[in-house]
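Fold and geometry: a report
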Amino acid sequence: MSVDSYDPHSSSSLTFELDGNDVEALPGESILQVAERLNKTIPHLCYCQGQRADGNCRSCVVEIEGERTLAPSCRRQPTEGMVVHSNNPRARAAQQGVVELLLSEVQTQQQKLDSELQHWATQLGADSLRYPSRQQHPSDDGSHPAIGVNLDACIHCGRCVRACREEQVNDVIGWDGRGAQTRISFDLNDSLAASSCVGCGECVQACPTGALNLNPGSGVRVEPIEADQSVDTVCPYCGVGCLLTYHVKDQQIIAATGRNGATNHNRLCVKGRFGFDYHHHADRLLTPLIRRDDAPKQATLPDDGNYRRWFREASWEEALERAADGFNRIKQAHGGDALAGFGSAKGSNEEAYLFQKLIRTGFGSNNVDHCTRLCHASSVAALLEAIGSGAVSNPIEDVAEADLILVIGANPDSNHPVASSFIKN
């Protein structure tokens, strides 16, 4: 079997020997994937979960008994009875040598704090001074509002290229130059800000060293490793429901990374990855406001940002009591039908249920609506007619199984970018 003979559609599991232990390989797994599933350590850099395995860095090479050359474990699929050594002297020497070569291409101070290259260098005892360094390419730390480009830390692993071309299908990042002059470039060698980049940040998440990173001037610079805690949650924007992790320091969100799930497979869009600054924005209201007695209602208010001219801060108890008294006065004077409620799609199903119950039983009104009706009413009607249920029955990734995708009256690239990436895939 050749080094690159990788069949992801194999239908049966098999048993082979890995570092002296008999292990089972599931259908389509590479040697590296088997090792990762079993928590066995094989160094790797160009391999990234969820991406096509390229096998171009060779830091994951292993020795297979009976074969003359070492094989990249990310690209090699095991066969029945195969004997593989990932940590014997020959394999370890090759892995260490590759990492040392890569270290010579990177200025240590330019790597991000959680650099995968530095992690494997430490694990393998690699020497960063063994080989001379190459001529560094110019950086682009300031042109883009959210992403910095620091080619001093690039090891040419290709993960950013695959993330941009094959995952998000934006095709902005490519290769430029040959030999020692090879580097990643954006469109026709443009600056990142001048390119067609949509700012999804998938390249930042894929980069193992920090060659692509959060721009120091963006206000969301600090690496996840510096965070005090990490919180798994769901993106608060569109209805795709991407899973993500917020990294928090000093009670403020400082970074967001995609999390694996059927909705997004680690992917995020520009809103999910960078659109969290509202959480600690200076204009965010943190306490309830009540209109000042000396500031009566009028048709327009001056947009000077000084809300204190018109409102005063209050406790939650006072604010809730004031709101309840107002609702009661209207109900007593005009009946429940004078009141209505309009729910938000940002709430959960449970919160939506409680909201309509408040309107129906508390206010005594059936005037309750929800913003989703506007955008979802037509699809509910179509789904009821087609499959008998108003809810979508498949995850978005299932578009990959479709023979035809018909988009009517929608702009998924703008409104649901991660869902759009699956359509483009």
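What counts and how
Residues numbered from 1 in each chain as written. Predicted model: local features only at pLDDT ≥ 70, side-chain atom pairs only at ≥ 80, totals over all residues. Heavy atoms only, no water. Helix = DSSP H or I, 4+ residues; strand = E, 2+ residues; numbered from the N terminus. Rg over C-alpha atoms; globule rule 2.2 N^0.38 Å. Buried < 20%, exposed > 50% of the residue type's maximum accessible area, 1.4 Å probe, protein only. Contact = heavy atoms within 4.5 Å. Pairing = 2+ DSSP bridges. Axes fitted to C-alpha atoms, helices over the stretch in contact; angles between N-to-C directions. Expected span 1.5 Å × (residues − 1). Salt bridge = Lys/Arg side-chain N within 4 Å of Asp/Glu carboxyl O. Polar contact = N/O pair within 3.5 Å; in protein donor to acceptor, adjacent residues only side chain to side chain. pLDDT = per-residue confidence, 0-100. Core = buried A, V, L, I, M, F, W, Y, C linked by side-chain atoms within 4.5 Å.

Moving on, we come to the overall build of the protein. Helix and strand counts for the protein stand at 11 helices and 16 strands. Taken over C-alpha atoms, the radius of gyration comes to 27 Å for the protein, far larger than the 22 Å a tight globule of 425 residues would show. For the C-alpha atoms alone, the extent of the protein along its principal axes is close to 90 × 50 × 40 Å. A total of 425 residues make up the protein; the buried ones form 38% of that total. Across the protein, contacts joining residues at least 24 apart in sequence account for 55% of those joining residues at least 6 apart.

Here 5 strands make up an open sheet; going across it, the order is E2-E1-E5-E3-E4 and the pairing mixed. Only two strands of the sheet have a single neighbouring strand rather than two, namely strand E2 (21-25) and strand E4 (71-72). In the sheet, strand E3 (residues 61-64) pairs with E4 via 2 bridges, with the strands oriented antiparallel. Looking across to E4, one finds that Val61 is bridged to Pro72. Packing of helix H2 (residues 89-104) onto the sheet brings it into contact with E3 and strand E5 (83-85), and relative to E3 it is tilted by some 160°.

Bringing the environment of Cys154 into the picture now. Counting through the fold element by element, Cys154 comes out in the loop between strand E6 (147-149) and helix H4 (159-167). On a C-alpha basis, the gap between Cys154 and Glu105 in space is 7.5 Å, while along the polypeptide they are 49 residues apart. Sequence-distant contacts of Cys154, that is, excluding residues within four places in its chain, are made with Glu105, Val106, Arg134, Thr209 and Ala211.

Because an α-helix completes one turn every 3.6 residues, residues spaced three or four positions apart along the sequence face the same direction. The end-to-end C-alpha distance of helix H7 (residues 316-334), which contains 19 residues, comes to 27 Å, matching closely the 27 Å that a straight helix rising 1.5 Å per residue would cover. Phi turns positive, to about 90°, at Gly335, one or two residues after H7.

Right, let's talk about the sheet that holds strand E10 (residues 229-234) for a bit. Here we have 3 strands laid out as an open sheet, ordered E10-E11-E12, and antiparallel in their pairing. Unpaired on one side and paired on the other, E10 and strand E12 (252-258) mark the two borders of the sheet. Sheet twist, expressed as the average angle between the axes of neighbouring strands with direction ignored, equals 30°. Inspection of the sheet shows strand E11 (residues 243-249) paired to E12 by 6 bridges, in the antiparallel sense. From the neighbouring strand, Tyr246 faces E12, where its bridge partner is Ala256.

Summed over all chains, the structure comprises 14 salt bridges. Residue Glu202 is joined to Arg273 by a salt bridge in which the shortest nitrogen-to-oxygen separation is 3.2 Å. Of this pair, Glu202 sits in helix H5 (residues 202-206) while Arg273 sits in helix H6 (residues 270-274), and the two are 71 residues apart along the sequence. By relative accessible area, which is 3% here, Glu202 ends up buried. Linking Asp232 and Arg259 is a salt bridge whose minimum nitrogen-to-oxygen distance equals 3.6 Å. A residue pair is termed long-range when its members are at least 10 positions apart, and Asp232 in strand E10 and Arg259 in the loop between E12 and H6 qualify at 27 residues.

With that settled, consider unusual backbone geometry. With phi around 55°, Asp19 is a residue other than glycine that occupies positive phi space. The topology assignment puts Asp19 in the loop between strand E1 (14-18) and E2. Judged by relative accessible area, Asp19 falls into the partly exposed class, the value being 23%.

In this section: the environment of Tyr47. Along the polypeptide, Tyr47 turns up in the loop between helix H1 (31-37) and E3. When its relative accessible area of 7% is taken as the criterion, Tyr47 is described as buried. Tyr47 sits 15 residues away from Leu32 along the chain, and the two C-alpha atoms are 9.2 Å apart. Those residues in contact with Tyr47 that lie beyond four places of it in its chain are Leu32, Gln33, Glu36, Ala53, Cys74 and Arg159.

This brings us to the pairing of E2. Note: E1 against E2, 5 bridges, orientation antiparallel. Of the residues in E2, the one forming a bridge with Leu14 is Ala25. Taken together, E1 and the strand that follows it, E2, pair antiparallel across an intervening segment of 2 residues, in which Asp19 is found at a positive phi of about 55°.

Before going further, it helps to examine the side chain of His144. Mapping His144 onto the fold places it in the loop between helix H3 (116-124) and E6. Within the local environment of His144, its side chain forms a polar contact with the backbone nitrogen of Ala146, the two atoms lying 3.0 Å apart. One polar contact links the side chain of His144 to the main-chain amide nitrogen of Ile147, over a distance of 3.1 Å. Residues in contact with His144, not counting those within four places in the same chain, are Leu192, Ala193, Cys197, Gly199 and Asn215.

In this section: the confidence of the model for the protein. Across the protein, the average pLDDT comes to 87, with 93% of residues at 70 or higher. Confidence drops under a pLDDT of 50 for residues 1-9, and excluding neighbours within four residues, the segment shows 21 contacts in the predicted structure. In the model, residues 218-222 has pLDDT below 50 throughout and makes 12 contacts with residues more than four positions away in sequence or in other chains.

Attention now moves to the nonpolar core. In this structure, Leu117, Ile173, Ile184, Phe186 and Leu212 are the most contacted members of the largest nonpolar core, which totals 37 residues. Going through the elements one at a time, H2, H3, E6, H4, strand E8 (183-186), H5 and strand E9 (212-214) are the ones with two or more residues in this core. Judged by nonpolar contacts, the second largest core, of 19 residues, contains Leu18, Ala25, Ala53 and Ile64.

Attention now moves to the side chain of His85. Topologically, His85 is positioned in strand E5. Within polar-contact distance, the side chain of His85 engages the side chain of Glu65 at 2.8 Å. Not counting chain neighbours up to four residues away, the residues in contact with His85 comprise Asp19, Val62, Glu63, Glu65 and Ala91.

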